[in-house]
Amino acid sequence: QVQLVESGGGLVQPGGSLRLSCAASGRTFSDYVMGWFRQAPGKEREFVAAISWSGGSTRYGDSVKGRFTISRDNAKNTVYLQMNSLQPEDTAVYYCAAKRGAFGPGSTSRYGYGYWGQGTQVTASS
C-alpha cells in the first residue's frame, strides 16, 4: 500500500511557473514508477509525465513537452513536477500516481496506476 499526498498547486498568471510535490509513504518508494496526470472539468484524465524507478528515464505528454519537468528524490520519497510557461489550458486538478512494474510506453496510461493522491488544483489565469 502506498499513500500519496500532493502539494504546491495554486493560482498563477499565464507564463508563470509552479512546482508540484508528491510525498509518498508506505511501501518502498523506489520500487514504483511515478506519474502525474491532470483532469480539467468535463474532460478525461490526461497523462502529463512519468518517471522510472531510478529517475533515469522520463516520458511526457505532447502538450507539456519542453515546459514541464518531472523528477524524483528517492531519499525523500518525493516526486516533483516543475511547470513553466503555464497557460490557461493547463488549468486542471493534478494527480500524482504510483505503479509497480516496468517503465515503458504503458506508463502513459492511467489504467496501469494502482495508487493515486487526492489531487491539487492548478489554475493559470490573469
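Residues numbered from 1 in each chain as written. Predicted model: local features only at pLDDT ≥ 70, side-chain atom pairs only at ≥ 80, totals over all residues. Heavy atoms only, no water.

1. Looking at the environment of alanine 98
Checked against the element boundaries, alanine 98 lands in strand β9 (residues 92-99). Along the chain, alanine 98 and leucine 4 lie 94 residues apart, while their C-alpha atoms are 8.3 Å from each other. Dropping the residues within four chain positions of it, alanine 98 is found in contact with Leu4, Tyr32, Val33, Met34, Tyr113, Gly114 and Tyr115. (Helix = DSSP H or I, 4+ residues; strand = E, 2+ residues; numbered from the N terminus. Contact = heavy atoms within 4.5 Å.)

2. A short note on the sheet that holds strand β8 (residues 78-83)
Whenever strands of a sheet pair, they do so through backbone hydrogen bonds, lying parallel or antiparallel. One open sheet accounts for four strands, arranged β1-β3-β8-β7; its pairing is antiparallel. Of all the strands in the sheet, the pair left with one neighbour each is β1 (2-7) and β7 (68-73). Each adjacent strand pair in this sheet contributes to an overall mean axis angle of 15 degrees, direction not counted. Pairing of β7 with β8, which is carried by six bridges, proceeds in the antiparallel orientation. Bridged to arginine 72 within β8 is valine 79. (Pairing = 2+ DSSP bridges. Axes fitted to C-alpha atoms, helices over the stretch in contact; angles between N-to-C directions.)

3. Comments concerning the pattern of salt bridges
Here the structure, examined in full by the defined rule, presents five salt bridges. Residue arginine 38 is joined to glutamate 46 by a salt bridge in which the shortest nitrogen-to-oxygen separation is 2.8 Å. Judged by its relative accessible area of 32%, glutamate 46 is partly exposed. Across the salt bridge formed by arginine 38 and aspartate 90, the nearest N and O atoms sit 2.9 Å from each other. Of this pair, arginine 38 sits in strand β4 (residues 33-39) while aspartate 90 sits in the loop between β8 and β9; the two residues are 52 residues apart in sequence, bridging distant segments of the chain. Comparing arginine 38 with aspartate 90 shows no difference in burial state: the two are buried. One network of salt bridges, in which partners are shared, links Arg38, Glu46, Arg67 and Asp90. (Salt bridge = Lys/Arg side-chain N within 4 Å of Asp/Glu carboxyl O. Buried < 20%, exposed > 50% of the residue type's maximum accessible area, 1.4 Å probe, protein only.)

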